[in-house]
Amino acid sequence: MPIWSKSFFILTIALFTQCQTNHQIYPHISPNISIKPTYENNKIIDQIIEPYAKQLDSVMNQVIGYCPTFIEKQKPSSALGNMMTDAILYASKKAGYSVDFCVLNYGGIRSTLDSGFITLGEIYELMPFENQITILKIPSGIAQELQNHIINKGGEPLSKGFQNLNNPNKPHYHIAINDYMANGGDGYQFLAKAIQRWDTNIKIRDGLIDYVRLHNPLPLNFNERKL
Amino acid sequence: MNRREFIKKAGLISAGLSVTPFTSWGIDNERLVILHTNDWHSHIDPFSANHKKYPSMGGASRRASIIQEIRSKYKNVLLLDSGDIFQGTPYFNQYGGELEFKLMSEMGYDFATLGNHDFDGGIEGLDKQLPHANFRFLCANYDFKNTLLDGKVKPYNIVKKGKFKIGIFGIGIELDGLVPKNLYGDIVYHDPIKKANQLAKKLKSEGCHLVICLSHLGYEYKSDKVSDILLAKNSKYIDLILGGHTHTFMKSPQKIKNQTHENIFINQTGWAGLNMGRIDYEYDSFGIVKLQNYSYKKIS
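For clarity, every value in this text was computed on a predicted model and none was experimentally measured.

Undergrad: Tell me about the overall build of chain A, and name the residues and values.
TA: The helix and strand tally for chain A stands at seven helices and eight strands. By residue count, 47% of the 227 residues in chain A fall in the buried class. Working note: accessible area of chain A is about 11100 Å², and carbon and sulfur atoms make up 54% of it.

Structure below.
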């Protein structure tokens, strides 16, 4: 057998063996695709969406207020967080509860508010969850834990009157929060030690909608609210 | 001529001799294309034109066009989602996730895992929408016994695409403290890293060329809370983690060394259906030129 034929035979065997045993596959890494407006729509998808969108639009395009400027959530505080907590404080008082202040969770703010007319749909995006307003009566010890927790989180949205937390002579507080936090969500397990709890059955979203409707244009507070 | 050029030329020559990965219809059936999304949160429509951060960006319809375009070029496409399909726009509040599942079915999604917000309508709410999904849900570290989802959400699946045998499993985040108990009911959470390693080993031993973890753990935390990064570093047989939950906008997949100092990739595509990830795999066989970095050409 000529030498080239022999080596070809060995090479073939070697390749064959490699294909059989080596299942190594190589990834090709590419940048994540940004879904830009330059891409065309898909007709079939549009047809599926259409009846759903039509019905929804009629409800959600309703204008309910006016926002003077673009606002978004930030830490330790933001005009958006200030507005939302002030709105929930307002809703709680309107429902007859005596409340010192309101604290919401940063993670619960799900969108931004654009400048201009505010539609119902925007409030749904800001607060898509079905959470309700819960009022807790907490002793000063829990208030201290609350303060520490907020500081550890780098700030949480706080309403007017949050400075009350620094009052050393106050034996207990009434706070407005959402039921997600009251149930121990987002690290608020210590709120289970509250003295008393009132579930208002008022959705956070409904509280916001009512506040936006009644405060036109929306009053914005850009002061830093930090503990 | 250096080695790389030689291989390139050899590839071209073999292409000329019709030992080519392309069929006569121009569809590539040698390559596996993985497309994936996470946390698209009911963002069916694109953002509004006057949105400050993402004007006119995203949209399920455009996503479908991109997927369709890729499918027209590649035979082996795997379309995956890492959870939090639900919640974020009034579409969810009004229709409970029905439209999201219908659209994903039309786009041809293969598998998805469950995110915490997919329980926002409770187990019942999710179960009610499952008939609208013709793709499968996978989650290995939730025990669904005594719930409506028992038998409907599987831990893993092995799928064949062309000559690729792929093992896929899902990993969910701890629901306690994140989702109200009355919504997640009797679902029991198990340690993600332990479950993931057990399953990945099993899938590799069953001959899977590629093991993919669909994770809703989150990319990374300041605390020692379990995350995709921790999972990757403590894993052995996983090749790719497609993550979610932390809405992390990664520019491209990240390479990490696993427990045995082998490469593992993590990717996450942000939030609201603004982006889609793409990772291609090719065989280490002869005649195929290995591409390094290429970018996807946009559809005009």
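Back to the text.
Undergrad: Kindly report on the overall build of chain B, identifying the contributing residues and their values.
TA: Of regular secondary structure, chain B possesses eight helices and 13 strands. By residue count, 56% of the 300 residues in chain B fall in the buried class. Here the contacts in chain B between residues at least 6 apart in sequence split such that 74% fall between residues at least 24 apart. Of the roughly 12900 Å² of accessible surface on chain B, a fraction of 51% belongs to carbon and sulfur atoms.

Undergrad: Explain helix α3 (residues 79-94) of chain A residue by residue, including any values.
TA: Taking 1.5 Å as the rise per residue, α3 of chain A with 16 residues should run 22 Å; its terminal C-alpha atoms sit 22 Å apart, in good agreement. Downstream of α3 of chain A by one or two residues, G96 of chain A has phi in the positive range, about 100 degrees.

Undergrad: Kindly report on empty space enclosed by the protein, identifying the contributing residues and their values.
TA: Summed over the entire model, instances satisfying the criterion amount to two cavities of 30 Å³ or more. Lining the largest cavity are R110, S111, E125, P128 and F129 of chain A together with H41, H43, Q87, G88 and W271 of chain B. Among the residues making up the lining of the largest cavity, the classes are represented as three nonpolar, five polar and two charged. In this structure, the second largest cavity encloses a volume near 40 Å³. Q74, K75, P76, S77, S78, Y106, G155, E156 and P157 of chain A together form the lining of the second largest cavity. Across the lining of the second largest cavity, the residue classes break down as three nonpolar, four polar and two charged.

Undergrad: Any chance you could break down a nonpolar patch on the surface for me, citing the residues and the numbers?
TA: Residues and elements named next belong to chain A. Taken together, V63, Y66 and F117 make up a surface patch of nonpolar side chains, about 320 Å² in accessible area. Here V63 shows up in strand β3 (residues 63-67). The exposure class of V63 is partly exposed, given its relative accessible area of 48%.

Undergrad: Which residues make up the interface of chain B and chain A, and what values do they have?
TA: On the side of chain A, 49 residues touch chain B, which itself brings 77 residues to the contact. Between chain B and chain A lies a buried interface of about 5600 Å² when both sides are counted; carbon and sulfur atoms form 60% of it. There are one salt bridge connecting chain B and chain A. Among the salt bridges present, the one from K53 of chain B reaches E72 of chain A, with a minimum N-O distance of 3.4 Å. In this assembly, chain B and chain A are joined by 23 residue pairs in polar contact (both at pLDDT 80 or more). Those elements that provide at least two residues to the side of chain B that touches chain A are α2 (60-73), α3 (90-95), α4 (98-107), β12 (263-267) and β13 (275-283) of chain B. Inspection of the sheet shows strand β2 (residues 33-34) of chain A paired to β13 of chain B by two bridges, in the antiparallel sense.

Rules of the game
- Residues numbered from 1 in each chain as written.
- Chains lettered and ligands numbered in written order.
- Predicted model: local features only at pLDDT ≥ 70, side-chain atom pairs only at ≥ 80, totals over all residues.
- Heavy atoms only, no water.
- Helix = DSSP H or I, 4+ residues; strand = E, 2+ residues; numbered from the N terminus.
- Buried < 20%, exposed > 50% of the residue type's maximum accessible area, 1.4 Å probe, protein only.
- Areas by Shrake-Rupley, 256 points an atom, 1.4 Å probe, with all protein chains shown as cover.
- Contact = heavy atoms within 4.5 Å.
- Expected span 1.5 Å × (residues − 1).
- 1 Å grid on protein atoms, 1.4 Å probe; cavity = no way out; pocket = protein on both sides within 12 Å on 5 of 7 lines; lining within 4 Å.
- Points joined across faces, edges and corners; volume = space filled by probe spheres on them.
- Nonpolar A, V, L, I, M, F, W, Y, C, P; charged D, E, K, R; others polar.
- Patch = residues over 30% accessible without salt bridge, like charges linked within 9 Å, V, L, I, M, F, W, Y side chains within 5 Å.
- Salt bridge = Lys/Arg side-chain N within 4 Å of Asp/Glu carboxyl O.
- Buried area = accessible area lost by both parts, 1.4 Å probe.
- Polar contact = N/O pair within 3.5 Å; in protein donor to acceptor, adjacent residues only side chain to side chain.
- Pairing = 2+ DSSP bridges.

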